[in-house]
Amino acid sequence: MRTRITELFGIKHPIIQGGMHRVGYAELAAAVSNAGGLGRDMTDQPFGVNLTFLPSFAVPPYPEYIHAIVEGGVRIVETAGRNPAQYIPALKAHGVKVIHKCTSVRHSLTA
């Protein structure tokens, strides 16, 4: 099957296994990638990582996370949570494709 998603991410099926707390381990992501979807690193197929932006009193070291993503050769990032706009240029400057997971139409339109 050829779709904009399969062509953009170099995958066989337009299936993206997003980050899932407590169940989204590497084995699940690798199984999704090996089946032709977008998963993770225990495979020679494309994979991505999740980078969640949550409200916090102490801002997490997002620039360091992005540096690790780029240095690790990750080519696809799924963002979630708060608006990631200030971090998108740093990812795109290194050729990283970004998918922002939205919970509402309003957030989708902003993204």
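Residues numbered from 1 in each chain as written. Predicted model: local features only at pLDDT ≥ 70, side-chain atom pairs only at ≥ 80, totals over all residues. Heavy atoms only, no water.

Visitor: Explain the nonpolar core here, please?
Guide: The nonpolar side chains of a soluble globular protein tend to be buried with one another. Of all hydrophobic cores here, the largest spans 12 residues; its members are Phe47, Leu51, Phe53, Tyr62, Ile66, Ile69, Val70, Val74, Val77, Tyr87, Leu91 and Val96. Listing elements by their share of this core, those giving two or more residues are β1 (48-53) and α3 (62-71). In terms of residues, this core owes the most to one element, α3, which gives 4 residues. Look past the residues within four positions of leucine 91 in its chain and what remains in contact with it is Ile66, Ile69, Val77, Val96 and Val98. (Core = buried A, V, L, I, M, F, W, Y, C linked by side-chain atoms within 4.5 Å. Buried < 20%, exposed > 50% of the residue type's maximum accessible area, 1.4 Å probe, protein only. Helix = DSSP H or I, 4+ residues; strand = E, 2+ residues; numbered from the N terminus. Contact = heavy atoms within 4.5 Å.)

Visitor: Would you mind going over the packing of aromatic side chains with me for this structure?
Guide: For any two aromatic rings, the description comes down to two numbers: the centre-to-centre distance and the angle of the planes. Scanning the entire structure with this criterion turns up 4 aromatic pairs. Summarising the aromatic geometry, the rings of phenylalanine 53 and tyrosine 62 are spaced 4.5 Å apart at their centres and angled 50° between planes, so their arrangement reads as tilted. By relative accessible area, which is 3% here, phenylalanine 53 ends up buried. Given a relative accessible area of 5%, tyrosine 62 falls into the buried group. Measuring from centroid to centroid gives 5.9 Å for tyrosine 62 and tyrosine 65, while their planes differ by 80°, and the two rings are edge-to-face. In this pair, tyrosine 62 and tyrosine 65 both sit in helix α3, 3 residues apart, roughly one turn of the helix. Classification of tyrosine 65 as partly exposed rests on a relative accessible area of 39%. Connected via pairs of aromatic rings, a cluster forms that spans Phe53, Tyr62, Tyr65 and Tyr87. (Phe/Tyr/Trp six-rings, centres within 6.5 Å; stacked < 30°, edge-to-face > 60°.)

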